[in-house]
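Listed below, chain by chain, are the residues.
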Amino acid sequence: YIVDEHGNFDWAMPDEEVHSFVNDLQRPVGTCLFGRRMYEVMTYWETVHTADEPPAVRDFAELWRAANKIVYSKSLETVSSARTRIEHDFDPEVVRRMKRQEEKDMTVGGPTLAAQAIQAGLVDEYHLILSPVVVGDGKLALPHHLRLNLKLLHERRFGNGMVHLHYQNRT
């Protein structure tokens, strides 16, 4: 799950080690595709004051602000972050063309949008960070009724019990 049944994700907060690792994953990204809810959560990084925060937090805020962001939403009328535009419809062919033209990596954030991208065959690699917590119910991280044949590229265990799994799509 990406959030529990109450919409909370405090059980998945990264420590400094995990946050630094996520920053390194984010570093080669030029464009982030977001669903509306995930975008609204992530806009925290647009204005957060990081002067007194740990280095990983300051680094992530800089990475967020530097990335281009596309928000897919039928209801959102305005954005609250720089380098951001709204698309009202997710068109896999448009994203496919963007992937071919983009010089840097692209990411997809938000389980609903990610499900659409996965089902359209747009996702080449999966980075999953598992928390050592049993949530039991909530918003699924991956779509229902989906079978993917994946190849494990890398795994990493963190001191706090979290695990990163990096897979490549075999199709």
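Fair warning: this is a prediction, and the values are worked out from it, not measured in the lab.

1. Some points on the overall build of the chain
Next, step 1: Of regular secondary structure, the chain possesses six helices and nine strands.
Next, step 2: For 171 residues, the compact-globule formula gives about 16 Å, and the C-alpha radius of gyration of the chain, at 16 Å, lands near that figure.
Next, step 3: Oriented by its inertia axes, the alpha-carbon framework of the chain measures out at about 40 × 40 × 35 Å.
Next, step 4: Excluding contacts between residues fewer than 6 apart, the proportion of contacts in the chain whose partners are at least 24 apart in sequence is 65%.

2. A word on a nonpolar patch on the surface
Next, step 1: Together, Phe9, Met13 and Val41 line one region of the surface with nonpolar side chains, adding up to about 250 Å² of accessible area.
Next, step 2: Along the chain, Phe9 falls in the loop between β1 (3-4) and α1 (16-26).
Next, step 3: Since its relative accessible area comes to 32%, Phe9 is described here as partly exposed.

3. A look at the sheet that holds strand β2 (residues 29-35)
Next, step 1: Strand order in the open sheet formed by four strands is β4-β3-β2-β5, and the pairing between neighbours is parallel. What marks the edges here is a single partner per strand, and that holds for β4 (84-87) and β5 (105-109). Here the average twist between neighbouring strands, direction ignored, is 20°.
Next, step 2: Where β2 lies against strand β3 (residues 68-72), five bridges are found, and the strand directions are parallel. Paired with Cys32 across the two strands is Lys69, which belongs to β3.

4. As for the pairing of strand β8 (residues 150-157)
Next, step 1: Both β8 and strand β9 (residues 163-169) contribute to a ladder of seven bridges, which runs antiparallel. Within β9, the residue paired with Glu155 across the bridge is Leu165.
Next, step 2: Joining the antiparallel neighbours β8 and β9 is a turn of five residues, in which Gly161 adopts a positive phi near 95°.

5. Comments concerning the packing of α1 against helix α4 (residues 55-66)
Next, step 1: Relative orientation of the contacting elements α1 and α4 amounts to 25°, with a least axis distance of 9 Å. Between α1 and α4, the angle falls in the class roughly parallel. Classified by chirality, the crossing of α4 by α1 is left-handed. Where α1 abuts α4, its residues Glu16, His19, Ser20, Val22, Asn23 and Gln26 lie against Pro55, Ala56, Val57, Asp59, Phe60 and Leu63.

6. Brief notes about the packing of aromatic side chains
Next, step 1: This structure, assessed with the given rule, holds seven aromatic pairs.
Next, step 2: Note on Trp45 and Phe60: the rings are 4.8 Å apart at their centroids and 70° apart in plane angle, and the pair reads as edge-to-face. Pair noted here: Trp45 is in helix α3 (residues 44-47) and Phe60 is in helix α4, with a separation of 15 residues, a long-range link.
Next, step 3: Between Tyr72 and Phe90 the ring centres are 5.4 Å apart and the planes differ by 75°, which places this aromatic pair in the edge-to-face class. Here Tyr72 is found in strand β3, whereas its partner Phe90 is found in the loop between β4 and α5 (92-101), with 18 residues between them in sequence. Taken individually, Tyr72 and Phe90 each receive the classification buried, so the pair is uniform in this respect.
Next, step 4: Site record: aromatic cluster; members linked through ring pairs are Phe34, Tyr39 and Trp64.
Next, step 5: Sitting over the ring of Trp64, Lys69 keeps its end group 4.6 Å from the ring centre.

7. Thoughts on the side chain of His164
Next, step 1: Its location among the elements puts His164 in strand β9.
Next, step 2: A distance of 2.9 Å separates the side chain of His164 from the side chain of His127, its partner in a polar contact.
Next, step 3: Those residues in contact with His164 that lie beyond four places of it in its chain are Phe21, Leu25, His127, Leu128, Ile129, His154, Glu155, Arg156 and Phe158.

Conventions and cut-offs
- Residues numbered from 1 in each chain as written.
- Predicted model: local features only at pLDDT ≥ 70, side-chain atom pairs only at ≥ 80, totals over all residues.
- Heavy atoms only, no water.
- Helix = DSSP H or I, 4+ residues; strand = E, 2+ residues; numbered from the N terminus.
- Rg over C-alpha atoms; globule rule 2.2 N^0.38 Å.
- Contact = heavy atoms within 4.5 Å.
- Patch = residues over 30% accessible without salt bridge, like charges linked within 9 Å, V, L, I, M, F, W, Y side chains within 5 Å.
- Areas by Shrake-Rupley, 256 points an atom, 1.4 Å probe, with all protein chains shown as cover.
- Salt bridge = Lys/Arg side-chain N within 4 Å of Asp/Glu carboxyl O.
- Buried < 20%, exposed > 50% of the residue type's maximum accessible area, 1.4 Å probe, protein only.
- Pairing = 2+ DSSP bridges.
- Axes fitted to C-alpha atoms, helices over the stretch in contact; angles between N-to-C directions.
- Parallel < 35°, antiparallel > 145°, perpendicular 65-115°, else oblique.
- Left-handed = near helix turned anticlockwise from the far one by under 90°.
- Phe/Tyr/Trp six-rings, centres within 6.5 Å; stacked < 30°, edge-to-face > 60°.
- Lys NZ or Arg CZ within 6 Å of the ring centre and 35° of its normal.
- Polar contact = N/O pair within 3.5 Å; in protein donor to acceptor, adjacent residues only side chain to side chain.

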